[in-house]
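Chains, contacts and geometry: an overview
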Protein chains: 2
Amino acid sequence: MYSSKISAMLKKAGISIGDRVRVEKGGQTHEGILMPRAGESDELVIKLDSGYNIGISSAGATLSQLEKAPKKAEPAPEHYPRGEIAILGCGGTVLSKVEYKTGAAFPAFSPKDLFNAFPKLKHMASVHSKILFQLLSEDMHSRHWSVVAQEVANEIRDGAKGVIVMHGTDTLHYTSAALSFALANLPVPVVVMGAQRSSDRPSSDNESNILNSILVAKSDLAHVGVCMHANSNDDYAFFHLGTKVRKMHTSRRDAFRSINTMPLAKVDHRNGTVEPLMPYQRRDEKRKLDLQNHFSQNVGMLYSHPGIKPELVSKFADYDGLVLVGTGLGHVPTNAFNDKLANNLVPSLKSLIDSGIPVVMSSQTIYGRINMGVYTAGRILQDIGVIGNGADWTPETAFVKLSWVLGKEKKMEKVKELMMKNIAGEITPRSNYEETFIDF
Amino acid sequence: MYSSKISAMLKKAGISIGDRVRVEKGGQTHEGILMPRAGESDELVIKLDSGYNIGISSAGATLSQLEKAPKKAEPAPEHYPRGEIAILGCGGTVLSKVEYKTGAAFPAFSPKDLFNAFPKLKHMASVHSKILFQLLSEDMHSRHWSVVAQEVANEIRDGAKGVIVMHGTDTLHYTSAALSFALANLPVPVVVMGAQRSSDRPSSDNESNILNSILVAKSDLAHVGVCMHANSNDDYAFFHLGTKVRKMHTSRRDAFRSINTMPLAKVDHRNGTVEPLMPYQRRDEKRKLDLQNHFSQNVGMLYSHPGIKPELVSKFADYDGLVLVGTGLGHVPTNAFNDKLANNLVPSLKSLIDSGIPVVMSSQTIYGRINMGVYTAGRILQDIGVIGNGADWTPETAFVKLSWVLGKEKKMEKVKELMMKNIAGEITPRSNYEETFIDF
């Protein structure tokens, strides 16, 4: 937020955030987009054409408007006949050229917009589209997952042959896991996708990710999954199982990786192929979708680390459930050898569990299977009732699954039973296991 | 803990945890090791020779002792002349055959024990050894890091040509980062190592990890690093920079990976080679070690996730510092678009920072560089003072570094300056950057 002084100055000049402006001060002139600001500030922030931001103290500066910001468009009405593939927009980089510049959101999402942006799309499918919300994906909440699942179900019931969910990449894998649990008995493909680089950058991955996602949406793979670049070239993409995928790099286009399993399929829009790499559930449009989109909004995650304090565990006493992101095979400090320098989380974890709050183990190693039977710490944690022994889920999928299970069940025994049952591919059978670290 | 009933039964029969026992009940007989138990229980737990545990209700069971547990040994006195390579023991799987069976700790760690266990070692180096503590590494605390750093410094001052720290693998990379910061101006190699599989398993990696570590300790690479299996064969090992390494699999022998950089060297004891893969600091025994082993014991970590509650941030108000394990390029929920379903951590983070508690960003993607300049959320977080823009550290190294910096400095500006300065290779220069995802 700008200071009241700057706000008054902007108001007087009729200038809004996002406008192109000129700032003159002390003989120097800067032109660029006026940026928003967090916190009270007397400094103007301008995004220069170079892409860099510059902060200019407002004292003695004169400001003039060069160009109004483009207006925030209303979701466009449907001009096209209802297409076979439904595209649902949740925000994110994939279609957010303008957000990148000013922080403001400009949905541009009608089929016409899409066909203009990606002309090849027109030859691949008839589509229709709807904006659900326009968000940075880190702002997604389990409340949003319920909405997305409901909207996907509506599209499928209305006859969509496949659904694409466009999404920011930060928490895309949380949402793909949520949809995997919420959309049981799925008749058609549901493809969650995004872009790591926005469309105004030459290296943008949005076009090929969209074209590959369309291909999957039309394919025989009736799964919820994530379709993103498979490597750092503009080559093929992978379609990853929605519960077994994770963003593994801050910026690379091939950031999304299958964890502890192979991707479901290799996808290449250039030759129109979707090549399955794993057994899969086939499309069956007569299969009746079973929507289960209730999620607890009150599940926590706790990352274990050296010296983590037992009192921190107690802060989760008013939560519905807790996912531990433990170390190694599934450990947190237990002070098993009574070392005088060590901490011990066991009493506070036991007290959470005894009060009816399920606690689920996952590992910060990301790869591999939880095994709480090998070392003393794991056995102690199992004895007090920590759930998860034998699971090879990611911390994120464990969190989403616990949120989903607690949306259905509150009784500890039922929660435990459902958590340990493979619902949507999130627990890989041991027989498939040894190959799971291959592409790491 | 067993119930008072079982405790009395054990006392009467002179049986202790760890003893080999026979349990007879209802015509069935089981033999194995009597295991310890967490929580009040009326069930005896026996580890069978198959490796599986069995729980037997004590009602109507008779218990007899077959063999006493081996006694917990005192640290053995030094019978050998002082060797050139110092081996310091902190516990863990690497030498814990017995712990694996019963949960009890049996240090067996004199040079004689080592030479008996690994006969090839005798031909490679003269060693001496000391047990610092016997711990599961998840019980390590920053207080332990200070002790280990002090002991390594003592060994180097006493003339050791190289130091090996044997350590459990769960938090081995936290300790290697801690030693990297604490041991400035290092004259000789310091090798932190462990084993993923204990020595009683045919697939144990402890022998080759020890032999490869000895080779590094004798080498020219004057760095703190981690020496572990490079692949799933009994092939060569990698020596990873101590600040850039992470356990990336719960169970594989090649679980340790360099993140955002190449390993320092490839190591092969079979042909005695240490092949540098990166520029390195050469051994110089005249270089004067600068020990800086103060660490804050009061740093927290917070893993961001959909729906994370702002109130949780406030629970860190009495901490010295906080590391955020954010999403993507370094984000947490900011509700940048005022979505009614979203949460916003900014006010509570700002209030922490304004009260003088430094907050540092890292990413749950593990790989890649923090960039808080691309999206609105990152810019908001930078504006309120979140530290870390441009760093490519792991969450664990960010945590260790903040603990170390806060052991020296409390003033926010000084903390920020030190955090953003590359001290021990933890921030990779951008020019080296594009190759960093290669072995992923």
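Residues numbered from 1 in each chain as written. Chains lettered and ligands numbered in written order. Predicted model: local features only at pLDDT ≥ 70, side-chain atom pairs only at ≥ 80, totals over all residues.

It is worth spelling out the overall build of chain A at this point. Per the secondary structure count, chain A includes eleven helices and 20 strands. Evaluated residue by residue, chain A yields a buried proportion of 55% over its 440 residues. A separation of at least 24 residues holds for 70% of the contacts in chain A among residues at least 6 apart in sequence. (Helix = DSSP H or I, 4+ residues; strand = E, 2+ residues; numbered from the N terminus. Buried ≥ 20, exposed ≤ 12 C-beta atoms within 10 Å, placed from the backbone. Contact = placed C-beta atoms within 7 Å.)

Each of the two chain copies goes to the other by way of a rotation about an axis and a shift along it. Rotating chain A by 180 degrees and moving it 0.1 Å along the rotation axis overlays it on chain B with an RMSD of 0.1 Å. The two molecules are tied by a two-fold rotation axis, judged by turn and shift. The overlap is high: 97% of the interface residues of chain A also sit at the interface in chain B, so the same surface is used on both sides. (Least-squares fit on C-alpha atoms with pLDDT ≥ 70 in both.)

As a further point, take the interface of chain A and chain B. Interfaces are often sized by the amount of accessible area the parts lose when they come together. Across the boundary between the two partners, chain A contributes 71 residues, which contact 70 residues of chain B. Broken down by secondary-structure element, the contributors of at least two residues to the side of chain A that touches chain B are strand 7 (127-135), helix 4 (142-157), strand 18 (299-303), helix 8 (346-354) and helix 9 (376-383) of chain A. Per-element tally for the side of chain A that touches chain B: the top contributor is helix 9 of chain A, with four residues. Broken down by class, the residue content of the side of chain A that touches chain B amounts to 32 nonpolar, 27 polar and twelve charged. (Nonpolar A, V, L, I, M, F, W, Y, C, P; charged D, E, K, R; others polar.)

Residues and elements named next belong to chain B. Residues Ala265 and Val267 point to one face of strand 15 (residues 265-268) and are all buried, whereas Lys266 and Asp268, pointing to the other face, are not buried. Sheet topology places strand 12 (residues 237-241) next to strand 15; three bridges connect them, and they run antiparallel. Paired with Phe239 across the bridge in strand 15 is Ala265. As paired elements, strand 15 and strand 16 (residues 273-276) share four bridges and run antiparallel to each other. Counted as the bridge partner of Lys266 is Glu275 from strand 16. The loop that links strand 15 with its antiparallel partner strand 16 comprises four residues; one of these, Gly272, has a positive phi angle of about 70 degrees. (Pairing = 2+ DSSP bridges.)

What follows concerns the domain arrangement of chain A. Residue and element names in this part refer to chain A. Once the domains are mapped, chain A shows domain 1 (4-67), domain 2 (85-291) and domain 3 (299-430). Taking only C-alpha atoms into account, the centre of domain 2 sits 31 Å from that of domain 3. Taken together, the contacts link 15 residues of domain 2 with 15 residues of domain 3. Here the element with the most residues in the side of domain 2 that touches domain 3 is helix 5 (residues 172-182); it accounts for seven residues. Broken down by class, the residue content of the side of domain 2 that touches domain 3 amounts to seven nonpolar, six polar and two charged. (Domains from an automatic or database assignment.)

Our next topic: the nonpolar core. Judged by nonpolar contacts, the single largest core of 219 residues is most densely connected at Val152(A), Ala178(A), Val152(B) and Ala178(B). Ranked by size, the runner-up nonpolar core spans ten residues in total, among them Ile6(B), Leu10(B), Met35(B) and Ile46(B). (Core = buried A, V, L, I, M, F, W, Y, C linked by C-beta atoms within 7 Å.)

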